[in-house]
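Below are the chains, spelled out letter by letter.
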Amino acid sequence: MSGFDQTHDETCLGSEAGRKRRVHVHSYGCQMNAYDSQRMADLLVPEGYSECTDAQDADLVILNTCHIREHAAEKVFSELGRLRALKERRAATGADLTIVVAGCVAQAEGEEIFRRQKAVDVIIGPQAYHRLPELLRKAGSGHRAADTEFPEEDKFDHLVAPRPARIRARGVGAFVTVQEGCDKFCSFCVVPYTRGAEVSRPVAAIVAEVERLACAGVREVTLLGQNVNAYHGTAERGGTASLAALCARLAKVEGIVRIRYTTSHPNDMTADLVAAHRDQPALMPYLHLPVQSGSDGVLAAMNRKHRRADYLDLVADIRRARNDIALSSDFIVGFPGETEEDFTDTLDLVETIGFASSFSFKYSPRPGTPGAELPHQVADDVKAVRLARLQACLERQRQAFNHATVGRTLDVLFEKKGRHDGQIAGKSPYLQAVQVDAGQELIGEVRPVEIVAAGPNSLFGRLARGAGGGAPPR
Ligand code: SAH
Ligand code: SF4
Ligand code: F3S
């Protein structure tokens, strides 16, 4: 299985009277949505579309939406209001605008979206987007179209491989979805409902995709999955491969020098994956391992199925395997029933572990999830105060982590032009942005860099002595 279909429908959707049509894809939410947005844009290239960065210039706008918190979903409806006004202005001049709602809001709300916003032409769920050209054809003939099925066929088998020039334009780092869906059913979370059951792509399909990326200049891949460390895809010689085995295989792809993966659940952090952080040099020492809360009572109510002590033990194991590993986490404050004492347990866990960077959110009750039905919902002002306290603590740790790298020499993978002329920007192994005075010929290469200063969001460094020329280290 190649993982990508090179064929496409003969009737071209995107060119009308010789004019190329333009598509703008706006991605909300997680990195998996960012990956899906690129795949949808790739699907439309053989249909005659070119991509544009501004909805004002587009004939087709795709909102690839996120349903994780109420605020995320509401942002989509405000944007749809603006697009409706644009569509009406176009109609007055005889032109048109096609509006597609894709992603997790599309999956969760389905045809209800047509009722809330009449300007929408197509609704398509995250598992069905390979059917996008077909739905656009339907919409083109004046019928609104929706597809929120979890189809039998695998969407990955029907995607279009991007041309090398498109891959190059996206840079030296690429996302690759290797696993989708979630069977964990944390009581606050919509993902198991919007993305469906856990599925892993076969190793051969992932290798083919990564080889194509590497040939076009990609040097770092970030393997994505809602539960990426639960990965268990069909191995190349039959049987099942774990995420550690997949990483080991991808490290052999010519040109790939760095591998990352996200997001992991603590309960799926298997011994072989922990050991891979010791044994596989391509695996970067940065791990996003959400804990959500430091209180056993809250963790149980969240249906996380791990306790605070399990998480602390796991972090100790990981640090034994790779003592410089940088950790990051997600946190939710104000889950129903969370007391001041529970919240203090979270602050205490943060102090005990020390995170390099983290995301933290106020609990947002989501319709259809068990958390939304629980008694003792926490008042919004209490959530806001807790969030501010937690974020102050996490920000202090992030700054301390960044400042601790000053004076050290770190390998940096250069990715793009820097903020100022004569600068290039890259990433440290710990996912920190690093700005260096150096020529653009180093983009795509790894060089040792001496870190000389830490700003609020970037490190600043200079090429370490003797760092010129040569192939990127493997
Ligand atoms: N699969 C990942 C996370 C997916 S969602 C994991 O298991 O950790 C990303 C983050 O959004 C979650 O880690 C959680 O912190 C946050 N989140 C999910 N549902 C939420 C809700 N209802 N309210 C607030 N934050 C939420
Ligand atoms: Fe959501 Fe929990 Fe699954 Fe993560 S593990 S996607 S938080 S249900
Ligand atoms: Fe959002 Fe769906 Fe990702 S709800 S976080 S876009 S899986």
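Before any of the text, the structure's been laid out above.
Throughout what follows, the structure given in this document is the object of discussion. (Residues numbered from 1 in each chain as written. Chains lettered and ligands numbered in written order. Predicted model: local features only at pLDDT ≥ 70, side-chain atom pairs only at ≥ 80, totals over all residues. Heavy atoms only, no water.)

Notes on the site of ligand 2
What counts, and what does not: By convention in these notes, a residue is near a molecule or strand provided one of its non-hydrogen atoms lies within 4 Å of it. Classes in brief: Ala, Val, Leu, Ile, Met, Phe, Trp, Tyr, Cys and Pro nonpolar; Asp, Glu, Lys and Arg charged; the others, Gly included, polar.
Taken together, Cys182, Lys184, Phe185, Cys186, Phe188, Cys189, Val191, Pro192, Asn227, His265 and Arg304 make up all the residues around ligand 2. When the residues that make up the shell around ligand 2 are grouped by side-chain class, the tally is seven nonpolar, two polar and two charged.

Points about the sheet that holds strand S17 (residues 357-362)
For clarity, the threshold we go by: Pairing between strands is defined by DSSP: at least two bridges between them are needed. Helix numbers and strand numbers start at the N terminus; a helix is a DSSP run of H or I with at least 4 residues, a strand a run of E with at least 2. Axis definition: a line fitted to C-alpha atoms, over the contacting stretch in the case of helices. Angles run 0 to 180 degrees between N-to-C directions. Two residues qualify as a contact provided that any one of their heavy atoms is within 4.5 Å of a heavy atom in the partner residue.
What the three strands build is an open sheet, ordered S15-S16-S17; its pairing is parallel. The open sheet has two edge strands with one neighbour each: strand S15 (286-288) and S17. Ignoring strand direction, the axes of neighbouring strands in this sheet form an average angle of 10°. Note: strand S16 (residues 326-333) against S17, six bridges, orientation parallel. Its bridge partner being in S17, isoleucine 332 is matched across the sheet by phenylalanine 361. The strands touched by helix H15 (residues 380-403) within the sheet are S16 and S17, with S17 carrying the most contacts at an inclination of about 175°.

Here we look at the pattern of salt bridges
Side chains that carry opposite charge are capable of pairing whenever their charged atoms lie near each other. What counts here: The term salt bridge refers to a pairing of a side-chain nitrogen on Lys or Arg with a carboxyl oxygen on Asp or Glu at a separation within 4 Å.
One pass over the full model with this rule turns up 34 salt bridges. In this structure, the salt-bridge partner of aspartate 279 is arginine 278, at a minimum N-O distance of 2.8 Å. Between arginine 447 and glutamate 445 there is a salt bridge, with its nearest N and O atoms 2.8 Å apart. It is possible to trace a salt-bridge network through shared partners that takes in Arg39, Asp42, Glu51, Arg166 and Arg170.

As for the nonpolar core
This is how it is decided: Only buried Ala, Val, Leu, Ile, Met, Phe, Trp, Tyr and Cys residues count toward a nonpolar core, and they belong to the same one when joined by side-chain atoms within 4.5 Å. Three exposure classes are used, based on accessible area relative to the maximum for each residue type with a 1.4 Å probe and protein chains only: buried under 20%, partly exposed in between, and exposed over 50%.
Residues Leu223 and Ile259 are the most contacted members of the largest nonpolar core, which totals 56 residues. Broken down by element, this core gets its largest block of residues, six residues, from helix H8 (residues 203-215). With sequence-adjacent residues up to four places away left out, leucine 223 is seen in contact with Val176, Val178, Val228, Leu243, Leu246, Cys247, Leu250, Ile259, Arg260, Tyr261 and Thr262. The next biggest cluster of nonpolar side chains, apart from the first, holds 26 residues, and it includes Tyr49, Ala128, Leu135 and Leu159.

A closer look at the packing of H8 against helix H9 (residues 243-250)
Selection criterion: By the definition used in this description, the sense in which the near helix is turned from the far one sets the handedness, with an anticlockwise turn below a right angle giving left-handed and a clockwise turn giving right-handed.
At a minimum axis separation of 11 Å, H8 and H9 run at an interaxial angle of 35°. Judged by the sense of rotation from one axis to the other, the crossing of H8 with H9 is right-handed. Counting all contacts with H8, which are made through Val203, Ile206, Val207, Val210 and Glu211, the residues of H9 involved are Leu246, Arg249 and Leu250. Taken together, the residues of the contact of H8 with H9 sort by class into six nonpolar, no polar and two charged.

Some words on the packing of helix H13 (residues 340-353) against H15
The condition that has to hold: Working rule for angles: under 35 degrees goes down as roughly parallel, over 145 as roughly antiparallel, 65 to 115 as roughly perpendicular, anything else as oblique.
Two elements in contact, H13 and H15, have axes separated by 10 Å at closest approach and are oriented at 5°. With respect to H15, the element H13 is oriented roughly parallel. Touching Glu340, Phe343, Thr346, Leu347, Val350 and Glu351 of H13 are Arg386, Arg389, Leu390, Cys393, Leu394, Arg396 and Gln397, all from H15. Grouping the constituent residues of the contact of H13 with H15 by class yields six nonpolar, two polar and five charged.

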